[in-house]
Amino acid sequence: MTTRSRKIIIILLLICGLAIMTWSTPVAPVASAAGSIGMVCTNGPTFDLKTASGHIYTPDGNSIFMWGYATASGSFQMPGPVLCVNEGQTVTVNLTNNLPEPVSIIFPGQTNVTSSGGSDGLFTKEAGASGGTVSYTFTASEPGTYLYESGTNLEKQIQMGLYGVLVVRPAMGGNFAYNHASTQFNPAREYLVVLNEIDPELHRAVELNQTYDFSTFNDDYWTVNGRSFPDTISDNSVSWLPSQPYGALVKVEPYDPSTNPLPALIRYANAGMVNHPFHPHGNHLRVIGRDGRLLRGPGGEDISFEDFTRTIGSGQTYDLLFRWDDVDPWITGGAPVPVTIPGLQNLVFKDGVTFYSGDPNLGQTGELPVGVTSYNQCGEFYFPWHSHALFEFTNFDEGFGGLATILRVDPPGGCAAVINSMHVGDLDGTSGTIGGGRWRATVTVIVHNFQHNPVSGATVTGTWSAGDTNGRTLTCVTDTLGRCTVTSGRLSLTSNADVTFTVTSVTHATRTYYSGANHDPDGDSTGTSITVPRP
């Protein structure tokens with residue numbers, strides 16, 4: 001990441017930190033336990049679904065009457081459950097309709113879908129009103145991301161919420177998007193972004209059994225996975241959104257060829273009537289599939305492409321691989337952003353909250369004014385992903401909201417690794433003569449945790465570059481102030497103009513050494529090595 005990008009990040013952190021907290025609906029911190037973010041599958045290949053009605057909640061305190069698909073044993077939800085199957089399986093979907101008009105399901109992208117029961121409709125058989133049933137069967141022959149949605153009175157019923165996503169996993173395995181080695185991804189980083197728009201007047205008319213003129217359709221709310229920002233960044237199945245189970249926060253770590261070599265998989269789907277230009281910040285995404293088909297040319301050549309803003313057409317789906325590259329080292333005390341950050345006495349955050357870590361170098365953590373709450377846990381970065389039709393980045397014309405979520409980039413190894421990490425926080429050197437034309441150097445090492453507090457009991461190991469300790473390994477153990485000292489051997493005043501001490505490792509009973517965070521506040525060392533001149 002470039003220095004200019006870091007400047008942009010700080011601005012976005014300040015914007016997002018302010019905007020996220022202006023809504024009255026409670027928003028959970030972005031911290032997430034394992035499994036609380038990412039795509040949630042309802043596994044098949046047989047699914048018993050029903051239709052149901054209920055209300056969803058918007059961040060501005062409104063509630064909207066909706067229809068939706070749900071599991072037979074579940075309650076109303078929006079969107080419908082994510083149906084996950086394997087390539088080659090025979091899929092059966094049994095639908096019971098509890099709504100006051102006929103309903104059906106169509107499966108765009110699937111071939112040879114058969115239906116039984118119910119009555120004939122425009123596109124497929126329909127389940128009759130108030131208790132009718134129908135069954136659909138097909139073979140999941142092509143891996144990819146698909147929508148399923150009502151095929152009855154589409155302009156009304158899909159808008160009312162009768163839609164969901166079908167995921168067909170390839171024969172190569174669940175850690176591939178398609179049957180090609182280039183589509184391998186980290187299965188712990190699989191995310192769904194389902195877009196839609198809502199005109200609350202339509203929903204009010206349906207709830208009150210009134211007529212509605214579709215020529216007057218005017219969307220005032222926009223959703224990702226059934227929620228509007230900032231609710232999109234809350235965990236899956238939070239208690240205050242009982243009918244909107246799916247969050248949309250995307251969380252990754254920097255690419256590393258050894259420890260984090262695989263990208264995340266992002267599945268886009270647009271269930272709405274309107275095309276949405278979706279704009280992810282942070283890095284380009286590689287588009288590898290569209291509408292459930294791998295992007296390959298007539299001769300099998302790779303025609304995937306990188307994209308920064310993708311207009312997702314009504315009814316379209318895309319599969320994208322996402323990798324975040326940390327171009328600058330993720331370190332505290334790195335190159336500062338090219339702006340002057342106000343002093344603490346002049347640094348103001350609306351409502352006393354922020355997602356900014358307090359470190360102007362965008363390292364791990366730093367100081368914030370007294371009384372300010374930061375949702376930043378370990379120096380992670382936040383980037384907005386949002387509609388580039390900026391009026392959709394609102395809730396009923398109030399920004400920021402609507403069709404947006406956030407990308408969270410944790411430091412290498414994740415927050416747990418950072419929180420339990422330690423690093424060198426300072427190296428200071430002194431020198432003095434010892435007689436006989438000789439001199440010695442002494443280096444004081446300070447070891448910090450990720451919050452820059454001293455770590456005691458850490459064993460520091462290092463080497464000197466010259467003297468009778470040249471190349472030898474020396475150790476010291478930090479005290480309660482996180483300090484310990486090492487002393488060089490005898491050095492010649494005539495032939496040794498200076499000597500360098502280099503930290504090679506730091507060990508501790510409960511902490512892990514993270515050399516990438518080594519730094520020195522006074523700039524007389526790299527945090528890893530220091531050169532001490534002769535006296």
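Not measured: the values here are computed from a predicted model.

## Observations regarding the overall build of the protein chain
And step 1. Each helix and strand in the protein chain was counted, giving four helices and 34 strands.
And step 2. Taken across its 535 residues, the protein chain has 54% of its residues classed as buried.
And step 3. Here the contacts in the protein chain between residues at least 6 apart in sequence split such that 71% fall between residues at least 24 apart.
And step 4. Accessible area for the protein chain stands at about 21200 Å²; split by element, carbon and sulfur atoms hold 51% of it.

## Comments concerning the sheet that holds strand 32 (residues 498-507)
And step 1. On the basis of which strands lie adjacent, the open sheet formed by four strands has the order 29-28-32-34 and antiparallel pairing. Since the sheet does not close on itself, it has two edges, and those belong to strand 29 (473-477) and strand 34 (529-533), each with one partner. On average, adjacent strands in this sheet sit at an angle of 30 degrees to one another, irrespective of strand direction.
And step 2. Bridge count for strand 32 against strand 34 is five bridges, and the pairing is antiparallel. Paired with Thr 500 across the two strands is Thr 531, which belongs to strand 34.

## Focus: the side chain of Asn 496
And step 1. Inspection of the secondary structure assignment puts Asn 496 in the loop between strand 31 (491-492) and strand 32.
And step 2. Classification of Asn 496 by relative accessible area gives buried; the value is 18%.
And step 3. Setting aside its immediate chain neighbours within four residues, Asn 496 contacts Trp 439, Ala 466, Leu 491 and Arg 534.

## Focus: the packing of aromatic side chains
Each aromatic ring pair is described using two quantities: the centre-to-centre distance and the angle formed by the ring planes.
And step 1. Under the counting rule described, the total for this entry stands at 17 aromatic pairs.
And step 2. Both rings, one in Tyr 69 and one in Tyr 148, keep their centres 5.7 Å apart while their planes meet at 45 degrees; by these two values the pair is tilted. Residue Tyr 69 is found in strand 3 (residues 63-71), and its partner Tyr 148 is found in strand 10 (residues 144-149); the two are separated by 79 residues along the sequence. One exposure class covers both Tyr 69 and Tyr 148, and it is buried.
And step 3. When the centroid spacing of 6.2 Å and the interplanar angle of 50 degrees are considered together, the rings of Trp 324 and Phe 383 count as tilted.

## Details of helix 3 (residues 200-207)
And step 1. Of all the residues in helix 3, the buried ones are Pro 200, Leu 202, His 203, Ala 205 and Val 206.
And step 2. The inward-facing, buried residues of helix 3 abut strand 3, helix 2 (154-157), strand 12 (190-198) and strand 13 (221-224).
And step 3. Two or three places before Glu 201, at the opening of helix 3, Asp 199 has a side-chain oxygen 3.0 Å from that residue's backbone nitrogen.
And step 4. Asn 209, located one to two residues past helix 3, shows a positive phi value of around 60 degrees.

## Looking at the environment of Leu 481
And step 1. In this structure, Leu 481 sits in the loop between strand 29 and strand 30 (483-487).
And step 2. What makes Leu 481 exposed here is its relative accessible area of 51%.
And step 3. Leu 481 has contacts with Ile 446 and Pro 454, leaving out every residue within four places of it along the chain.

## Comments concerning the confidence of the model for the protein chain
And step 1. Per-chain confidence: the protein chain averages 89 in pLDDT, with 90% of residues scoring 70 or above.
And step 2. Counted against residues more than four places away or in other chains, residues 1-34, with its pLDDT under 50, gives 98 contacts.

## Overview of the pairing of strand 17 (residues 285-290)
And step 1. When strand 17 meets strand 19 (residues 305-307), the two strands line up antiparallel, connected through three bridges. Its bridge partner being in strand 19, Arg 286 is matched across the sheet by Glu 306.
And step 2. Pairing of strand 17 with strand 21 (residues 317-322), which is carried by five bridges, proceeds in the antiparallel orientation. Following the sheet pairing, Gly 289 is matched in strand 21 by Asp 319.
And step 3. Bridge count between strand 17 and strand 18 (residues 293-294): two bridges; the pairing is antiparallel.

## Observations regarding the state of the cysteines
And step 1. Taken as a whole, this structure holds three disulfides when the rule is applied.
And step 2. At a sulfur-sulfur separation of 1.9 Å, the disulfide partner of Cys 41 is Cys 84. Residues Cys 41 and Cys 84 share a disulfide whose torsion about the S-S bond is about -70 degrees; that sign makes it left-handed. With Cys 41 in strand 1 (residues 41-43) and Cys 84 in strand 4 (residues 82-86), this pair connects stretches of sequence that are 43 residues apart.
And step 3. The disulfide partner of Cys 378 is Cys 415, and the gap between their sulfur atoms is 1.9 Å. A torsion of -75 degrees about the S-S bond marks the disulfide between Cys 378 and Cys 415 as left-handed. You can see Cys 378 sitting in the loop between strand 23 (373-374) and strand 24 (381-387) and its partner Cys 415 sitting in helix 4 (residues 414-419), a full 37 residues away along the chain. Exposure class is identical for Cys 378 and Cys 415. Each is buried.

## A few points about unusual backbone geometry
And step 1. Residue Pro 45 is bonded to the preceding Gly 44 through a cis peptide linkage, with omega at 20 degrees.
And step 2. Structurally, Pro 45 can be placed in the loop between strand 1 and strand 2 (46-57).
And step 3. In this structure, Phe 400 follows Gly 399 across a cis peptide bond, with omega equal to -5 degrees.
And step 4. On the secondary structure map, Phe 400 appears in the loop between strand 24 and strand 25 (404-409).
And step 5. Of note, Ser 130 is a non-glycine position whose phi angle comes to about 55 degrees, a positive value.

## A closer look at the environment of Met 39
And step 1. Here Met 39 lies in the loop between helix 1 (3-20) and strand 1.
And step 2. Exposure remark for Met 39: the relative accessible area of 16% places this residue in the buried category.
And step 3. In this structure the C-alpha to C-alpha distance between Met 39 and Arg 189, which are 150 residues apart in sequence, comes to 8.6 Å.
And step 4. With near-sequence residues (within four places) excluded, Met 39 lies in contact with Val 82, Cys 84, Val 167, Arg 169, Glu 190, Tyr 191, Leu 192 and Arg 267.

## Topic: the sheet that holds strand 11 (residues 163-169)
And step 1. Read from one edge to the other, the open sheet built from four strands follows the order 1-4-11-10, with strand pairing classed as mixed. With partners counted over all chains shown, the strands left at the sheet margins are strand 1 and strand 10, one partner each. Sheet twist, expressed as the average angle between the axes of neighbouring strands with direction ignored, equals 35 degrees.
And step 2. With three bridges joining them, strand 1 and strand 4 adopt parallel strand pairing. Across the sheet, Cys 41 pairs through a bridge with Val 82, a residue of strand 4.

## Concerning the pattern of salt bridges
And step 1. Under the definition given, this model contains 12 salt bridges.
And step 2. Two residues, Arg 267 and Glu 190, come together in a salt bridge whose shortest N-O distance is 2.9 Å. Remark: Glu 190 occurs in strand 12 and Arg 267 occurs in strand 15 (residues 264-270); sequence separation between them is 77 residues.

Calculation criteria
- Residues numbered from 1 in each chain as written.
- Predicted model: local features only at pLDDT ≥ 70, side-chain atom pairs only at ≥ 80, totals over all residues.
- Heavy atoms only, no water.
- Helix = DSSP H or I, 4+ residues; strand = E, 2+ residues; numbered from the N terminus.
- Buried < 20%, exposed > 50% of the residue type's maximum accessible area, 1.4 Å probe, protein only.
- Contact = heavy atoms within 4.5 Å.
- Areas by Shrake-Rupley, 256 points an atom, 1.4 Å probe, with all protein chains shown as cover.
- Pairing = 2+ DSSP bridges.
- Axes fitted to C-alpha atoms, helices over the stretch in contact; angles between N-to-C directions.
- Phe/Tyr/Trp six-rings, centres within 6.5 Å; stacked < 30°, edge-to-face > 60°.
- Polar contact = N/O pair within 3.5 Å; in protein donor to acceptor, adjacent residues only side chain to side chain.
- pLDDT = per-residue confidence, 0-100.
- Disulfide = S-S within 2.5 Å.
- Salt bridge = Lys/Arg side-chain N within 4 Å of Asp/Glu carboxyl O.

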